[in-house]
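So you can see what is in the structure, the chains are spelled out below.
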Amino acid sequence: MSGTRRRFFHDAAMFGAGLLGLRETLRAGTLDNGFQSPRQNENGRHHSPYGSKGPHLEPGNESVHERAKPMATPDMAELPHEMDGAVKVFHLVAEPVKRKIAPFKTIDAWGYNGSCPGPTIQVQQGDRVRVVFENHLPESTSLHWHGLEIPIEQDGVPYISQKPVAPGEKYIYEFTVHQEGTFFYHAHSAMQEMMGLIGFFVAHPEIDYKPRVDHDYGLILQEWAVLPSNTVPNTAAMEFNWLTFNGVSAPMTTPLLARLGSRVRLRILNLGMDHHPVHLHGHQFVVTGTEGGRAPESTWYPMNTVLVGVAQARVVEFEAKYPGAWMIHCHLPHHMMNSMMDLLRDRQIQTADQTEEKAVGQMMSLARSVPFEHVHPSPVAANADKVPGFPQDAFMEMGMDEVVEKPETYGLPKNWSAGMMGMMTMVRILPEKEYDGILARKKAASAQMEHHHES
Ligand SMILES: [Cu+2]
């Protein structure tokens with residue numbers, strides 16, 4: 001038995017032991033809590049995902065004027081505003097941004113206010129909004145407000161509705177938002193869009209949607225063609241090797257958190273060259289809105305994969321009924337991968353002439369460059385090298401839990417990061433205690449960050 005192979009068996013055994021040591025959270029959902037009883041499952045299905053029976057939906061429980069909770073966008077910044085009389089004033093600066101999209105890959109993208117995608121703008125339906133825009137890019141640009149019904153002079157199309165905003169120039173947009181829904185802002189220039197110039201613009205309804213949700217999350221889907229040993233996306237290419245949610249590839253995507261029994265909204269927005277079928281594990285959802293606003297309840301039907309076309313937003317809602325770490329990912333197989341071709345040089349996602357020894361050597365050098373300890377979670381057969389087609393996924397799995405550790409990953413099984421790649425994240429549905437435990441960790445972590453900034 002080779003040293004490497006022995007290591008696989010050892011690691012596999014360790015992985016098994018790790019599973020046994022799982023926390024309550026992740027053990028919930030097996031055997032003894034009735035999770036696997038077909039009847040209970042069936043019952044569950046009947047009040048998911050329409051949500052007409054949740055405790056939070058009882059009539060008289062809430063004021064009709066209750067406002068929606070803000071949307072959370074993990075891994076992306078929020079854009080604060082100030083008031084000028086009754087006008088909400090936002091400041092946006094278009095500029096080059098260095099974006100770490102994976103622990104071993106940083107790209108030179110373009111974004112807003114140091115963030116790619118740009119920071120999230122959230123307003124109330126009916127708000128008067130002013131956006132003071134500055135162009136710090138090396139070329140002219142403009143801001144288009146995708147889906148908003150606003151006067152033509154605010155539409156942000158160079159030459160048609162305004163003069164392009166030259167480098168160093170300022171431009172002021174101002175309009176009233178009479179709609180509700182999930183909109184976005186972006187540069188109205190094709191290559192600039194592919195460099196990352198996009199952000200959320202969410203208009204919350206005057207009166208919150210029914211049923212109300214407990215968690216509201218936003219995800220922006222982007223794709224990048226980054227040639228080997230390069231950091232600048234090739235915006236003319238059609239083959240994309242990096243796929244991101246909110247500007248990061250899994251396993252760097254921050255898991256979404258939801259309380260067991262809560263209702264969750266996901267707003268998924270796509271700006272790229274491909275359509276992405278986004279799939280949720282273990283639950284059914286309904287599409288409650290598009291880039292045009294809320295959809296009437298009569299149009300909702302159960303599904304678990306929603307095709308988010310280019311320039312579209314799809315808003316889905318579901319009841320978080322089953323505890324666990326449930327995947328949310330684009331289901332296109334090549335979008336569930338991280339390109340390693342610039343790091344693995346001769347491999348370049350060609351498996352035909354690969355051997356175990358070669359592959360392991362390449363993975364080791366990649367791991368050392370981050371650095372993290374390269375541990376293979378799943379064993380391979382003794383005669384693997386003799387089987388045509390081997391390896392496929394065997395050497396793509398790279399556990400790097402420690403490198404991407406954050407409060408939201410606390411308590412996940414060992415090597416959870418090994419199978420997380422590309423356009424992928426997870427929603428961790430947690431019982432009260434575990435949920436609150438992670439929130440406390442988040443709070444402690446951000447307090448520590450503040451402390452660092454002060455000192
Ligand atoms: Cu995809």
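As a reminder, the structure under discussion sits directly above these lines.
Description of the structure in this document. (Residues numbered from 1 in each chain as written. Predicted model: local features only at pLDDT ≥ 70, side-chain atom pairs only at ≥ 80, totals over all residues. Heavy atoms only, no water.)

## What about the pattern of salt bridges?
And step 1. Tallying each qualifying case throughout the model produces 17 salt bridges.
And step 2. For the salt bridge of Asp-84 with Arg-130, the shortest nitrogen-to-oxygen distance reads 2.8 Å. Taken together, the residues span a long stretch of sequence, with Asp-84 in strand 1 (residues 82-84) and Arg-130 in strand 5 (residues 128-135) at a distance of 46 residues.
And step 3. On the accessibility criterion, Asp-84 (41% relative accessible area) is partly exposed.
And step 4. For Lys-442, the salt bridge is made with Glu-408, and the minimal N-O distance between the two is 3.5 Å. With a gap of 34 residues between them, Lys-442 in helix 7 (residues 432-454) and Glu-408 in the loop between helix 6 (356-369) and strand 20 (424-430) connect regions that are remote in the sequence.
And step 5. Since its relative accessible area comes to 35%, Lys-442 is described here as partly exposed. (Salt bridge = Lys/Arg side-chain N within 4 Å of Asp/Glu carboxyl O. Helix = DSSP H or I, 4+ residues; strand = E, 2+ residues; numbered from the N terminus. Buried < 20%, exposed > 50% of the residue type's maximum accessible area, 1.4 Å probe, protein only.)

## A few points about the coordination of the copper ion
And step 1. Those donors, His-276 (ND1), Cys-330 (SG) and His-335 (ND1), are the protein atoms that reach the copper ion, and they lie 2.0 Å from it.
And step 2. On the primary sequence, the residues serving as donors to the copper ion are separated as H-x53-C-x4-H. Of the two residues, His-276 is situated in strand 14 (residues 276-280) and Cys-330 in strand 19 (residues 324-330); the sequence distance between them amounts to 54 residues. For the residue pair His-276 and Cys-330, the accessibility class agrees, reading buried in each case. (Donors = N, O, S within 2.8 Å, 3.2 Å for Na, K, Ca; no water.)

## A few points about helix 6
And step 1. Counted at 1.5 Å a residue, the expected span for helix 6 with its 14 residues is 20 Å, and the 20 Å between its end C-alpha atoms agrees.
And step 2. Of all the positions in helix 6, only Glu-356, Ala-359, Val-360, Gln-362, Met-363, Leu-366 and Ala-367 are classed as buried. The arc enclosing the buried residues of helix 6, seen along the axis, measures out at 160 degrees, which places them on a common side. With respect to the buried face of helix 6, the exposed residues turned more than 90 degrees away are Glu-357 and Arg-368. (Expected span 1.5 Å × (residues − 1). Arc of directions from axis to C-beta.)

## Some words on the nonpolar core
And step 1. Ranked by size, the top nonpolar core spans 31 residues in total, and within it Leu-221, Leu-266, Val-306, Phe-318, Ile-328 and Val-427 carry the most contacts.
And step 2. Formed by 27 residues, the second largest nonpolar core is a distinct cluster that contains Phe-90, Leu-137, Val-177 and Met-195. (Core = buried A, V, L, I, M, F, W, Y, C linked by side-chain atoms within 4.5 Å.)

## What to know about the environment of Met-336
And step 1. Residue placement: Met-336 occurs in the loop between strand 19 and helix 5 (341-344).
And step 2. The spacing of Met-336 and Ser-249 is 87 residues in sequence and 9.3 Å in space, taken between C-alpha atoms.
And step 3. Discounting chain neighbours no more than four positions away, the residues touching Met-336 are His-329, Cys-330, His-331, Met-421, Gly-422 and Met-424. (Contact = heavy atoms within 4.5 Å.)

## Considering the sheet that holds strand 15 (residues 286-290)
Backbone hydrogen bonds hold the strands of a sheet together, and the pairing may be parallel or antiparallel.
And step 1. Read across the sheet, 6 strands follow the order 11-10-13-18-15-16 without closing on themselves; strand pairing throughout is mixed. Each edge of the sheet is formed by a strand with only one pairing partner; in this case those strands are strand 11 (242-245) and strand 16 (293-294).
And step 2. Where strand 15 and strand 16 come together, 2 bridges link them in antiparallel fashion. Residue Gly-289 lies in a different strand from strand 16, and its bridge partner there is Arg-294. (Pairing = 2+ DSSP bridges.)

## Re the sheet that holds strand 17 (residues 305-308)
And step 1. One open sheet holds the 5 strands; their spatial order is 12-20-19-14-17, and the pairing between them is mixed. Strands at the two margins of the open sheet, each flanked by one partner only, are strand 12 (256-259) and strand 17. Between one strand axis and the next, the sheet turns by 20 degrees as a mean value, whatever way the strands run.
And step 2. Relative to strand 20, strand 12 runs parallel, the two being bridged by 4 bridges. By the bridge assignment for strand 20, Arg-259 is matched with Leu-430. (Axes fitted to C-alpha atoms, helices over the stretch in contact; angles between N-to-C directions.)

## Focus: the pairing of strand 15
And step 1. Most of strand 15 is tucked away: 4 of the 5 residues are buried.
And step 2. Bridge count between strand 15 and strand 18 (residues 313-319): 4 bridges; the pairing is antiparallel. Opposite Val-286, over in strand 18, you have Glu-317 as the bridge partner.
And step 3. Hairpin connection of strand 15 to strand 16: 2 residues between the antiparallel strands.

## Describing the packing of aromatic side chains
And step 1. For the structure shown, the criterion picks out 10 aromatic pairs.
And step 2. Note on Trp-145 and Tyr-173: the rings are 5.7 Å apart at their centroids and 70 degrees apart in plane angle, and the pair reads as edge-to-face. Placement of the pair is Trp-145 in strand 6 (residues 144-146) and Tyr-173 in strand 7 (residues 170-176), with a sequence separation of 28 residues.
And step 3. Assessed through its relative accessible area of 0%, Trp-145 is described here as buried.
And step 4. On the basis of relative accessible area, Tyr-173 is assigned to the buried category, the value being 0%.
And step 5. What links up through ring pairs into an aromatic cluster is the set Tyr-112, Phe-133, Trp-145, Tyr-171, Tyr-173, Phe-175, Tyr-185 and Phe-201.
And step 6. In this arrangement the basic side chain of Arg-441 is found over the ring face of Tyr-410, its NZ or CZ atom lying 3.3 Å from the centre. (Phe/Tyr/Trp six-rings, centres within 6.5 Å; stacked < 30°, edge-to-face > 60°. Lys NZ or Arg CZ within 6 Å of the ring centre and 35° of its normal.)

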